[in-house]
Each structure stands twice: as C-alpha cells, then as structure tokens.
Amino acid sequence: MANNKSGGSGARSPLSLVVAMALCCFFYLLGAWQRSGYGKGDAIAAAINHQAACSDNPSSSSTAAGLTFETHHGGASTNASSSSPALPEIFPACAASLADHTPCHDQDRAMKFPRKNMVYRERHCPTAAAGDRRLRCLVPAPAGYMTPFPWPKSRDYVPFANAPYKSLTVEKAVQNWVQYEGAVFRFPGGGTQFPKGADEYIDCLATVVPFNSGHVRTVLDTGCGVASLGAYLDSRGVIAMSFAPRDSHEAQVQFALERGVPAFIGVLGSIKLPFPPRSFDMAHCSRCLIPWGANGGMYMMEIDRVLRPGGYWVLSGPPINWKANHKAWERTEADLAAEQQRIEEYAAVLCWEKVTEISEIGIWRKRSEPCPDRPAEARACDEANQDDVWYKNMEACITPPAGAGAGGELQPFPARLTAVPPRIMSVSVPGFTAESYEEENRRWERHVAAYKKVNYKLNTERYRNIMDMNAGVGGFAAAIFSPKAWVMNVVPTAAELSTLGVVYERGLIGMYHDWCEAFSTYPRTYDLIHGNGIFTLYKDRCKMEDILLEMDRILRPEGTVILRDDVEILLKVQRTVQGMRWKTLMANHEDSPHIREKVLYAVKRYWTAAGEDSEEQKNMGSSSEGKGSEE
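Computed from a prediction, not measured in an experiment: that's the story for all the values here. (Residues numbered from 1 in each chain as written. Predicted model: local features only at pLDDT ≥ 70, side-chain atom pairs only at ≥ 80, totals over all residues. Heavy atoms only, no water.)

For helix 6 (residues 198-205), the set of buried residues is A198, Y201, I202 and L205. Buried residues of helix 6 fall within an arc of 100 degrees about the axis and therefore sit on the same side. (Buried < 20%, exposed > 50% of the residue type's maximum accessible area, 1.4 Å probe, protein only. Helix = DSSP H or I, 4+ residues; strand = E, 2+ residues; numbered from the N terminus. Arc of directions from axis to C-beta.)

Put into structure tokens, the structure is as follows:
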C-alpha cells in the first residue's frame, strides 16, 4: 500500500510525517477523555484544536495510525455512477422518550407473555418474522448526562441526570439502598437484608466463605437490587455477576452499571442462565423472591449447574430463621416451615452440605466429589453439549459432573488468571493445548501493548466498564486486567468454540450472547467496547448496521471502540459509523502493514436528547421524534 510504511525502505516526505503526527495526536487526545463527571465534551475539541505536535515520532512505530485505504480497497466506498464517494447513511436521533430503550426487555412487549415462571420478565427481542421492527436511530443520552465518576467514587455516587428516577429512594428508604442528594444519588451500601451496610454483611459471610484466600473469586448475585453486594466485594478481590429483572424496582440494574458494577437485565424464570456449567465459586440470594422450593427444585438445580464443585450457595431472608421472623414477613409459620423443608430436601438431593445458619442467612456448600448416595429418583440431565444453553429451557434435572480431568482444582486468584485452566489441560476445548493457549495469551499481550500506543488511557480509571464482544479464552481481558476495571467477556453463540468456561476458570466473568439481538442491558452501559473479528463472524448472519447501532446504544457518550478485523470489513464499518456520530482512526496491524487485519479505533461523540444539544449535534440534524425512527 503506497501510503503505508514498508519496512523502512524509503523515507517519508515531510508532509506525510506532519499528517501522520497530526492524526496520531487527534486520537491520542480524543481517547484521553478526562471529563470525570462534568462538562459537555467541548474541552476535547478545544484541546485538539490547540495541539501542535505529538511527542512520539510515528515513523518509529510499526502501528501507523490515521491510514487511508480507500484508494487500494474499494469496500463499496464509492458511488458506481461517480468517482466521488457516496455520502454515508445518516442515522437520526431517536425520540428523547427512548433514552432508556432496552429492546429485548421492552415493558409493553413483555406484558403479552405468560406470567408463569416469570416468562414475561425474560428476553423477548423484536423480530421481523413477528412483525416487529428494530429501531434505526441513535438512542440519546438524557439531557444533562455526565460522565460517571471514576471508581471507587462511582460506587457511592451517581449523577442524578444519568438515571433520573427517585422511586427507589422512597421504596427502599429504610433499607439504605439509595438516597437522593441534589445533583447526585448516594449509595450507602445497604440492602434489604443488610440495611446497616454490605461490608458488615460480607464480614458475616466471611466467617464461613473464604473470600480473602482467593479461592472464592466469581460470585453470581441473583435478584441483585442496586448490586451493593458486588460493589463491596470488589475491594476484596471478588467479582460478582449481578442480575435483576427490568424495572421490578425502577432502574436497579441501571444504577448498578452507572456505579461501575457488573450487572445485566435477567431473571431466573424458564430459560437457562447464559453461563456454562461450573462457572461460579459462590451464588447468592438476598431476599431475591425466587421460589426455590417450586417446580421440583428446578431453580436450585440451575444454581447447581453453574456452581463450581466446592462452591457456596447463600440464601439470605425468607424462609431462613422463620420462627423468629414470620410475623415481620407477614406469612404463616406453616407456610414458611414447608418452604424451608422443601429447600432442605432439594439441597440433600443435590448433595449440598448445610454449612451454617446465621440469623437469617443459610449457607450450603456443593460437594467437590461426585455424590455417592443420590436418590434414585433424581434425574440426570442429558450430557450432550452442556455448554449449549442459549434459549434452552430450564429443567428439573441434575447436571452431570465434569469428565475426567475437566473439573480439576483451580489455583487461588490472581494466580488462576495466568495459570493453564483445567478445561485446557484436559483438552476439553478442541484445538487448544497448554502451549497454544499460552501463545494465545502472548498474542493478546502484544495486541494490548499496541492499543496503548494509540490510547494511553487503557488500564487507568478512564475505563471502568469494558466489554469484549468476542472474548475467546479471555486473552484481551487478561492482558488489560486492572483492579480499576472489569470486562464483560461475551462468547457469541455463533462462535466455533464454546470457550466461556475457560474465561470463568481464569477468574474472569462473561456470558453467552447472539449479536443479531440486543444485549440485556440499559443504554450507556460501557466505557469501552472491544471486538475481535466480530463482523467477520456475523457477516452472513445479520446486518452490520444493526450490530453497530446496538454498540452505539450500550456505549457511553465519548466511549471508545476498538475493532480488529479484515481491512475490507473495517472500511465498511468506518463508513457506516460516519453517520452515527463516531470519530474513527484506522491503524495497521502491529506486526506488519502488509497484514490484512487492521485495527479501527473510534470514539462516540458527546450529545444528548433535545434541550442540552451540543453545537455538533445541532449541525448533524434534529431528533427523529415522530418520524423515521423505525425501519
């Protein structure tokens, strides 16, 4: 390619050096984004306009930023009837009323589905076959939106403008969930079962559950509320995957994500959880209102499926210690006694050992060894493809233990992050050996090192909520690992290999997802989205534009995107996002400019719903409210 470096043969002209340096500086500053909760983004433009030079000479780096490929790769970038490029499609802003749009958890659509087993609270995505149409517009941030505070301040404070809903401050006032204090919400760390604070509650659990040893690293928090348990486990080196239904209490999951705590919209209903077997070191329910003794113990069996051998199950609240609390819970003694009896019986069927009962907290532990005396009537689930859980019905059956060697003992965290996981050692993931796994990790260390040359804010407080859209074995998350951030490692259902179990064995978190559908989260959830080969993977499955619009929905204003893919595909992506208010920068593969794989960096511009529009938004077009917002 004529405008790339070619191994040092020939010198760059002074003009080309100036252009490359200017482009390098452009994204270097754009990626910095140091608003820290205030301002409207104009400081970034001002800084770029006043920047004169970069401290790094671009000719000394193998990653040449700001490359132009259109003259060498057509990529459908020109109009067939003209030599000038065709204008990209401009995606209008959605109506301001759609600021919290969650496509697969739409409240109006949900009411059409059965109430039994919480089916109406599960994912129900719009489909063309059902006559539904996906939005073809950009979901706006609410007027006055601010960048969340850096962690750990964000754990305790969230700008009111980002999620302007006060109902929880009234409904849960005595339980210390959240308090409204003018321009911010304050989160004291309380919960229904721990009104005095999550730290005190965790200290109680820690008398039994070994949080401090590194053996309990991943926690599943069902019915999480505003995820204060996960927020306070973070300081102990424990990461919690929290979930709750969409607006069972208004904005609870949204608050969790604004705080910088891993969470998604979900419910334990009729469909299996989007995790492989043996994912979590602990599962937790604090007054989560799940009928654990119902449906033949199906919900406890689903927890057993995702709980690692030796893992803990914590049930806090009804019916534990019902004799002392039945009046406060406004339930009869007979009802509560029968419920606890059923839970104890199903726990015995699962071979869970009752470790202790402290006040209103019951703690069980799953056996590390196969159950020797399980009742004959206990039905085992089909052993075929246990990782295939996407939209699969939950069953009242017991997941068989891992095959020989696949359930090996894990090292304490953080050693397990870099150790070869049992699933790799037992060759449970086709094509991976211990050697190829370690080479994969070295490859991602090189990739991330190259990313940092373009965006020096990686591994800083700039990015707290990070997503990897095609995580593989978690190489990107491991290479970028920092106690200041967390990564949602998504393994697409379209991926050739099911590698999410490896991700969890490393002490990381993630979930399965089909990127032809919307993700189970609120808008403006992630600070940084990384995608490796995601558009190649979905090339013949769904529209590129739909995936990009979903990325835009879940990306914060001035959030960053890093995409690795074939140059032809990235050119199409780059052209599409010109109409989505993204700024982009193309870079070579760090190993050689001759490799077809390139890296596209992008930053989503700051703009909000009508009333707080920036000049940039006004110049790009008005809101689509009432017209053209749907396909």
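From this point, the narrative continues.
Another point: the nonpolar core. Counting residues in each nonpolar core, the largest one holds 134 residues, and the members touching the most others are L220, F275, W292, W313, M467, F535 and M551. If near-sequence neighbours (up to four positions away) are discounted, W292 is found in contact with T222, L268, C285, G297, Y299, M300, I303, W313, L315, I343 and Y346. With 10 residues, the next largest nonpolar core counts A163, W177, V178 and F255 among its residues. (Core = buried A, V, L, I, M, F, W, Y, C linked by side-chain atoms within 4.5 Å. Contact = heavy atoms within 4.5 Å.)

Our next topic: the environment of L555. For L555, the location among the structural elements is in strand 15 (residues 555-566). By relative accessible area, L555 is classed as buried at 0%. Here the alpha-carbon distance between L555 and K604, two residues 49 residues apart in the chain, equals 7.7 Å. Those residues in contact with L555, other than ones at most four positions away along the chain, are R524, Y526, D527, L528, I529, T560, V561, W582 and K604.

This paragraph deals with the sheet that holds strand 1 (residues 157-159). The 3 strands lie next to each other as 1-3-2, forming an open sheet whose pairing is antiparallel. Pairing within the sheet leaves two strands with one partner each, and these edge strands are strand 1 and strand 2 (179-181). Direction aside, the axes of adjacent strands within the sheet are offset by 30 degrees on average. Direction of pairing for strand 1 relative to strand 3 (residues 184-186): antiparallel, over a ladder of 3 bridges. Residue pairing for strand 3: V158 is matched across the bridge by F185. (Pairing = 2+ DSSP bridges. Axes fitted to C-alpha atoms, helices over the stretch in contact; angles between N-to-C directions.)

Here helix 10 (residues 322-329) crosses helix 11 (residues 333-349) at 125 degrees, and the two axes come no closer than 9 Å. Judged by the inter-axis angle, helix 10 sits oblique to helix 11. The hand of the helix 10/helix 11 crossing is right-handed. Of the residues in helix 11, those touching helix 10 at W322, H326 and W329 are E333, L336, A337 and Q340. Of the residues assigned to the contact of helix 10 with helix 11, the class counts are 4 nonpolar, 2 polar and 1 charged. (Parallel < 35°, antiparallel > 145°, perpendicular 65-115°, else oblique. Left-handed = near helix turned anticlockwise from the far one by under 90°. Nonpolar A, V, L, I, M, F, W, Y, C, P; charged D, E, K, R; others polar.)

Inspection of every chain in the model, using the stated rule, returns 6 disulfides. At a sulfur-sulfur separation of 2.0 Å, the disulfide partner of C285 is C288. Measuring handedness by torsion sign, the sulfur bridge of C285 and C288 sits at about -95 degrees and is left-handed. What makes C285 buried here is its relative accessible area of 2%. Note on cysteine connectivity: C351 is disulfide-linked to C371, with sulfurs 1.6 Å apart. Taken together, the residues C351 in the loop between helix 11 and strand 9 (352-358) and C371 in the loop between strand 10 (361-366) and helix 12 (415-418) connect sequence positions 20 residues apart. Here C351 matches C371 in class, with each residue buried. (Disulfide = S-S within 2.5 Å.)

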